[in-house]
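# Residue-level structural notes
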Amino acid sequence: TERWQSFGLAVGSSTSVAIAAKVFMSKMKPALAGSYSAALRTSMVPLLATCAASALNLALVRKNELSQGIEVKDDDGRVLGVSQVAAEDGLWKTMKSRVLLPVPSLLVFPMVKVFLDRRPSLATRPRLRAGLGFASLSLLTLVALPLSLAPYPPECKMALERLEPHLRDIA
C-alpha cells in the first residue's frame, strides 16, 4: 500500500514534469528535423520526467530513513547511534547517482542515432544501423552504471562535526 502510494506519486510527478517540459519545449523556436538540436530537445522531456520520478520515488521509499535516521558506525564498525543528518546525506548522494544514470541513454544516445541516420552507407542497411544503435546504447549503459555509482560507495565516511550533537558526544 505504501509502495503503491510512492509509485503513484512518482508516476504523477514524472507525468507532470513531462507535460510541463513538453509545453515549454513547444514554445521554443523549432529545430531542424533530424538535427542534433532536435534530438537534444526531444530527449529532454523523457530525461526530465525520468529524473523527477527517480528522485521523488527515492525520497518516498526512503522517507522512514529520513524521519528515523540511519545507523552511524565508527571506524571499528561499532554502532554509535542513529543519525538523520547521515540519512539525508546518503539520500542526496543516492539521488545524484540516480539522476546521472539515465543521462547517457536519454541524452547522448539520441545524438548517436542522428549521427548513424546521417551516414549514407547505413541508409540502405537498416539492420546494420539498428545493430549499431543497439550496440552504442548498450555501451553507453555499461559505461553509465559504474560512473553513476562509483562516486558514492555503499557506506560513506562523514565528518563528526556534521553529525548531531548526541553522536559527537559519544564519539
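Use the structure listed above.
Think of each chain on its own: its residues are numbered from 1, step by step along the sequence as written. Side-chain atom pairs in this predicted model are given and counted only at pLDDT of 80 or more, local residue features only at pLDDT of at least 70, and totals for whole chains, interfaces and linings cover all residues. Side-chain calculation: all heavy atoms of the structure are included, whereas hydrogens and water are not.

### Describing the overall build of the protein chain
- In this text, helices come from DSSP runs of H or I with a minimum length of four residues, and strands from runs of E with a minimum of two, each type numbered from the N-terminal end. When helices and strands are counted, the protein chain shows 8 helices and 2 strands.
- The order of helices and strands in the protein chain, counted from the N terminus, is α-α-α-β-β-α-α-α-α-α.
- The globule rule is 2.2 Å times the number of residues to the power 0.38, and the radius of gyration it is compared with is taken over C-alpha atoms. Over its C-alpha atoms the protein chain spans a radius of gyration of 21 Å, topping by over 25% the 16 Å that the globule rule assigns to 171 residues.
- Projected onto the principal axes, the alpha-carbon positions of the protein chain cover approximately 70 × 35 × 30 Å.
- Within the protein chain, the proportion of its 171 residues that are buried is 29%.
- Contacts are assigned to residue pairs that have any heavy atoms within 4.5 Å of one another. A separation of at least 24 residues holds for 66% of the contacts in the protein chain among residues at least 6 apart in sequence.
- A gap of 22 Å separates the mean positions of the 21 positive and 13 negative side-chain charges of the protein chain. Think of it in three bands: residues with accessible area under 20% of the maximum for their type are buried, residues over 50% are exposed, and the middle band is partly exposed, with areas taken using a 1.4 Å probe on protein chains only. In this charge count, Lys and Arg are treated as positive and Asp and Glu as negative; neither His nor the chain ends contribute. Charged groups are reduced to one reference atom each: NZ for lysine, CZ for arginine, CG for aspartic acid, CD for glutamic acid.

### Considerations on the pattern of salt bridges
- Salt bridges are defined by distance alone: a side-chain nitrogen of Lys or Arg within 4 Å of a carboxyl oxygen of Asp or Glu. If you walk through the whole model with that rule in mind, you get 7 salt bridges.
- For arginine 78, the salt bridge goes to aspartate 74, with nearest N and O atoms at 2.5 Å.
- A salt bridge links lysine 157 to aspartate 75; its shortest N-O distance comes to 3.8 Å. Note that lysine 157 is positioned in the loop between α7 (126-149) and α8 (165-170) and aspartate 75 in the loop between β1 (70-73) and β2 (79-83), a separation of 82 residues in sequence.
- Connected through shared salt-bridge partners, Asp89, Lys93 and Arg162 make up one network.

### Examining α7
- The first and last C-alpha atoms of α7 sit 35 Å apart over 24 residues, in line with the 34 Å expected at 1.5 Å per residue.
- For α7, the full list of buried residues reads Gly133, Ser136, Leu140, Ala144 and Ser148.
- Turning to α7, the residues buried within the fold contact α4 (84-100) and α5 (103-117). An expected span of 1.5 Å times one less than the residue number is assigned to each helix.

### Quick notes on the packing of aromatic side chains
- Centres within 6.5 Å are what make two rings of Phe, Tyr or Trp a pair, Trp counting through its six-membered ring; a difference in plane orientation under 30 degrees is then read as stacked, over 60 as edge-to-face, and the rest as tilted. Taken as a whole and judged by the stated rule, the model has 0 aromatic pairs.
- Note on geometry: a ring has a charge over it if NZ (lysine) or CZ (arginine) is within 6 Å of the ring centre and within 35 degrees of the ring normal. Over the aromatic face of phenylalanine 115 sits the side chain of arginine 119, whose NZ or CZ is 4.1 Å from the ring centroid.

### Description of the pairing of β1
- By the bridge criterion, 4 bridges tie β1 to β2 in an arrangement that is antiparallel. The residue bridging valine 72 from the neighbouring strand is glycine 81, located in β2.
- Taking the residues that link successive antiparallel strands as the turn, the β1-β2 hairpin has 5 residues, and the phi of glycine 77 there is positive, at about 90°. Any two strands with at least two DSSP-identified bridges between them are counted as paired.

### A look at the environment of alanine 150
- Here alanine 150 lies in the loop between α7 and α8.
- Classification of alanine 150 as exposed rests on a relative accessible area of 58%.
- Remark: the alpha-carbon pair of alanine 150 and serine 97, spanning 53 residues in sequence, is separated by 8.7 Å.

### Notes on a nonpolar patch on the surface
- Residues enter patches when their relative accessible area tops 30% and they take part in no salt bridge; the joining distance is 9 Å for like charges and 5 Å for the nonpolar side chains Val, Leu, Ile, Met, Phe, Trp and Tyr. For every accessible area listed, the method is Shrake-Rupley and the probe measures 1.4 Å; residues are considered covered only by the protein chains on display. Taken together, the side chains of Trp4, Phe7 and Val11 make up a nonpolar region of the molecular surface, amounting to roughly 360 Å² of accessible area.
- Inspection of the secondary structure puts phenylalanine 7 in helix α1 (residues 2-26).
- Look at phenylalanine 7 and you get partly exposed, because its relative accessible area is 47%.

### Concerning α4
- The end-to-end C-alpha distance of α4 is 24 Å, a good match for the 24 Å that 17 residues give at a rise of 1.5 Å each.
- When α4 is considered as a whole, its buried residues turn out to be Ala86, Ala87, Asp89, Leu91, Lys93, Thr94, Met95 and Ser97.
- Buried residues along α4 sit against α2 (36-61), α3 (63-68), β1, β2 and α7.
- Within 3.5 Å is the distance limit for a polar contact, defined as a pair of N or O atoms, with the added protein rule that one can donate a hydrogen and the other accept it, and that residues adjacent in sequence qualify only through two side-chain atoms. Structurally, the start of α4 carries an N-cap: the backbone nitrogen of valine 85 is 3.2 Å from a side-chain oxygen of serine 83.

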